[in-house]
Amino acid sequence: MSTVTYRGLWRWHFHAGMLCIPFVIILAITGSIYVFKPQLDAFADRGVDSLAITGHRATGEQQIAAALASLPGSRLFAYEVPREPDDAVRVHLYAADGTGRIVYVHPETLAVLKTVPHTARFTEIVRMVHADLLAGRAGALLLELAASWAIVMLITGLFLWWPRDARGLAGAAYPRLGHGSRIFWRDLHAVTGVWVSSLALFLLVTALPWTTIAGNAILAVRGWVAPPTHEWNLGGRGAPDEHAAHRAAAGADAIATPLTVDQVVARIAPLHLEPPVRLYLPDARTPHWRVRSEAQNRPQVRELALDRVTGDVLHDDRFGDKSALDRTINVGIAAHEGQLFGLPNQLLGFFTAIGLLTLCVSGVVLWWRRRPAGSLGIPAPRVAEFRVGVPLMVAIVALGLLVPMLGASLVILWIVDRLPRRAAT
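Residues numbered from 1 in each chain as written. Predicted model: local features only at pLDDT ≥ 70, side-chain atom pairs only at ≥ 80, totals over all residues. Heavy atoms only, no water.

### Description of the overall build of the protein
No. 1: Tallying secondary structure elements over the protein gives 12 helices and 8 strands in all.
No. 2: Classification of the 425 residues of the protein by burial places 45% in the buried group.
No. 3: In the protein, the share of contacts with a sequence separation of at least 24, taken over all contacts with a separation of at least 6, comes to 63%.
No. 4: Total accessible area computed for the protein in this model is approximately 21300 Å², and 66% of it derives from carbon and sulfur atoms. (Helix = DSSP H or I, 4+ residues; strand = E, 2+ residues; numbered from the N terminus. Buried < 20%, exposed > 50% of the residue type's maximum accessible area, 1.4 Å probe, protein only. Contact = heavy atoms within 4.5 Å. Areas by Shrake-Rupley, 256 points an atom, 1.4 Å probe, with all protein chains shown as cover.)

### Notes on helix 9 (residues 324-336)
Side chains of residues three or four places apart in an α-helix project in the same direction, reflecting 3.6 residues per turn.
No. 1: Its 13 residues give helix 9 an end-to-end C-alpha distance of 18 Å, which sits within 8% of 18 Å, the value for a rise of 1.5 Å per residue.
No. 2: Taken together, the buried positions of helix 9 are occupied by Asp326, Ile329, Asn330, Gly332, Ile333, Ala334, Ala335 and His336.
No. 3: Those residues of helix 9 hidden inside the fold are in contact with helix 4 (122-132), helix 6 (181-206), helix 7 (213-225) and helix 10 (343-370).
No. 4: Positive phi shows up at glycine 338, right after helix 9, with a value of about 80°. (Expected span 1.5 Å × (residues − 1).)

### A few points about helix 4
No. 1: Those residues of helix 4 lying buried are Thr123, Glu124, Val126, Arg127 and Met128.
No. 2: Taken from the residues just after helix 4, leucine 133 is the one with a positive phi, measuring 60°.

### Notes on the nonpolar core
No. 1: The biggest cluster of nonpolar side chains holds 31 residues, and the ones touching the most others in it are Cys20, Val24, Trp149, Leu154, Leu204, Leu356 and Leu406.
No. 2: Elements represented by at least two residues in this core include exactly helix 1 (3-34), helix 5 (136-161), helix 6, helix 10 and helix 12 (404-424).
No. 3: If you tally residues by element for this core, the top one is helix 5, at 9 residues.
No. 4: The next biggest cluster of nonpolar side chains, apart from the first, holds 22 residues, and it includes Ile64, Leu93, Leu259 and Val264. (Core = buried A, V, L, I, M, F, W, Y, C linked by side-chain atoms within 4.5 Å.)

### Points about the sheet that holds strand 6 (residues 289-293)
Where strands meet in a sheet, backbone hydrogen bonds hold them as pairs that are either parallel or antiparallel.
No. 1: Strand order across the open sheet formed by 8 strands is 4-3-2-1-5-6-7-8, with antiparallel pairing between neighbours. With one partner strand each, in any of the chains shown, strand 4 (112-117) and strand 8 (313-317) form the two edges of the open sheet. The sheet shows a mean angle of 20° between the axes of neighbouring strands, direction not considered.
No. 2: Relative to strand 4, strand 3 (residues 100-105) runs antiparallel, the two sharing 5 bridges. Each residue of the ladder has a partner; that of arginine 101, found in strand 4, is proline 117. (Pairing = 2+ DSSP bridges. Axes fitted to C-alpha atoms, helices over the stretch in contact; angles between N-to-C directions.)

### Points about unusual backbone geometry
No. 1: The amide bond that connects proline 275 to the next residue, proline 276, takes the cis arrangement and shows omega of 0°.
No. 2: Inspection of the secondary structure puts proline 276 in the loop between helix 8 (261-268) and strand 5 (277-280).
No. 3: Even without glycine at this site, serine 50 takes up a positive phi of about 55°.
No. 4: One can find serine 50 in the loop between helix 2 (37-44) and helix 3 (60-70).
No. 5: Residue classification places serine 50 among the exposed positions, given a relative accessible area of 60%.
No. 6: Phi is positive for leucine 110, which is not a glycine, with a value near 70°.
No. 7: In this fold, leucine 110 is placed in the loop between strand 3 and strand 4.

### Regarding the environment of glutamate 144
No. 1: Mapping glutamate 144 onto the fold places it in helix 5.
No. 2: Between the C-alpha atom of glutamate 144 and that of alanine 207, which follows or precedes it by 63 residues, the distance is 9.2 Å.
No. 3: With sequence-adjacent residues up to four places away left out, glutamate 144 is seen in contact with Thr211, Thr212, Ile213, Ala214 and Met405.
No. 4: Reaching out from glutamate 144, the side chain makes a polar contact with the backbone nitrogen of isoleucine 213 at a distance of 2.9 Å. (Polar contact = N/O pair within 3.5 Å; in protein donor to acceptor, adjacent residues only side chain to side chain.)

### What about the pattern of salt bridges?
No. 1: Scanning the entire structure with this criterion turns up 17 salt bridges.
No. 2: The partner of lysine 37 in a salt bridge is aspartate 41, with the nearest N and O atoms 2.7 Å apart. Taken together, the residues lysine 37 and aspartate 41, both in helix 2 and 4 residues apart, mark about one turn of the helix.
No. 3: On the basis of relative accessible area, aspartate 41 is assigned to the buried category, the value being 14%.
No. 4: Between glutamate 303 and arginine 290 there is a salt bridge; the shortest N-O distance is 2.6 Å. Here arginine 290 lies in strand 6 and glutamate 303 lies in strand 7 (residues 303-306), a separation of 13 residues in the sequence.
No. 5: Taking the relative accessible area as the measure of exposure, glutamate 303 reaches 13% and is therefore buried.
No. 6: Connected through salt bridges with shared partners, the residues Lys37, Asp41, Asp45, Asp49, Arg90, Lys114 and Arg121 form a single ionic network. (Salt bridge = Lys/Arg side-chain N within 4 Å of Asp/Glu carboxyl O.)

Here it is, written out as structure tokens:
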């Protein structure tokens with residue numbers, strides 16, 4: 001690699017790190033926690049499952065009534081089918097103030113075991129920090145910008161640190177020990193980058209559907225190739241919110257149906273839907289029973305519409321019926337959340353998050369140790385330009401189109417970077 005090329009890559013690598021490292025640390029920490037959402041939710045609910053059931057279970061309607069009575073002025077959102085017969089029944093409500101609540105009802109005694117605001121669950125708080133820093137649209141845009149530059153940081157880092165002249169695996173596949181702190185930190189940064197960059201890039205790309213700018217672009221493209229659905233939230237509204245997608249429906253008037261909750265549960269039992277499975281009762285907006293598997297493993301998600309009188313299946317939305325784009329996005333989301341292939345997927349996501357943390361920390365240490373006193377340590381622009389060939393230019397333009405926030409910021413930074421040079425001439 002020529003000196004000019006190296007300096008150019010180093011400048012972009014430095015810019016990217018300055019912009020994104022603080023936010024990548026937040027994303028890595030929250031991501032490493034959220035990937036274990038099923039285990040964390042099960043731990044939080046350990047006191048309301050595996051209950052002592054000795055007599056006759058109450059009906060689904062009685063369980064819903066008990067939950068509604070515990071929150072005067074609330075409205076039903078959904079009834080969640082218990083995973084096990086001795087688990088508490090989760091009844092999802094909207095309280096009088098419009099906030100989502102989960103009411104845990106004993107299936108036999110109808111005692112309310114606990115009530116939890118949806119947004120107060122630990123994993124939901126972690127998800128919201130991961131999605132927008134608890135700062136709404138501004139936070140989501142900031143994270144999208146940081147994630148966009150994290151892509152640049154990883155790609156330029158691979159070019160800078162790839163072991164072209166390495167002899168043996170030391171310093172390339174594993175860090176050298178016993179050669180002083182400078183070699184240790186250099187090797188730790190390089191080796192970690194070699195191992196996790198491709199995985200980290202995958203996580204960044206599969207996060208695009210949840211972003212504001214790129215997400216809306218994907219939504220527009222999706223509208224051209226597939227009919228509109230309400231399957232998940234795109235365009236910067238964060239990860240799917242199980243309540244927000246149906247908030248309006250909770251205010252609709254209920255419609256009488258001869259079928260009971262228990263009868264609907266019995267009808268869908270042979271289908272072995274992936275939990276959690278929620279029932280949405282008929283109302284003025286949706287005049288039929290709606291049954292939906294809300295599995296995090298998106299290819300397992302399935303939604304049915306049942307006739308409110310006969311219980312016949314009116315519609316069955318399966319993964320295989322979706323467009324190729326929808327299937328691709330669903331698989332990416334499931335892998336991103338660590339739910340596509342179970343525990344190994346979770347551990348792979350955790351490994352990638354820890355790798356990103358290691359890259360960020362070691363990168364800051366290297367910069368701090370190498371920078372000249374009183375300087376940021378970034379190579380100054382040279383009169384000789386960083387020459388960009390046609391293939392690289394095409395790749396940069398394509399990346400800028402794929403990640404619009406990156407494309408816009410690249411143009412701005414390119415202009416700013418040349419202002420001192422123009423002033424000097």
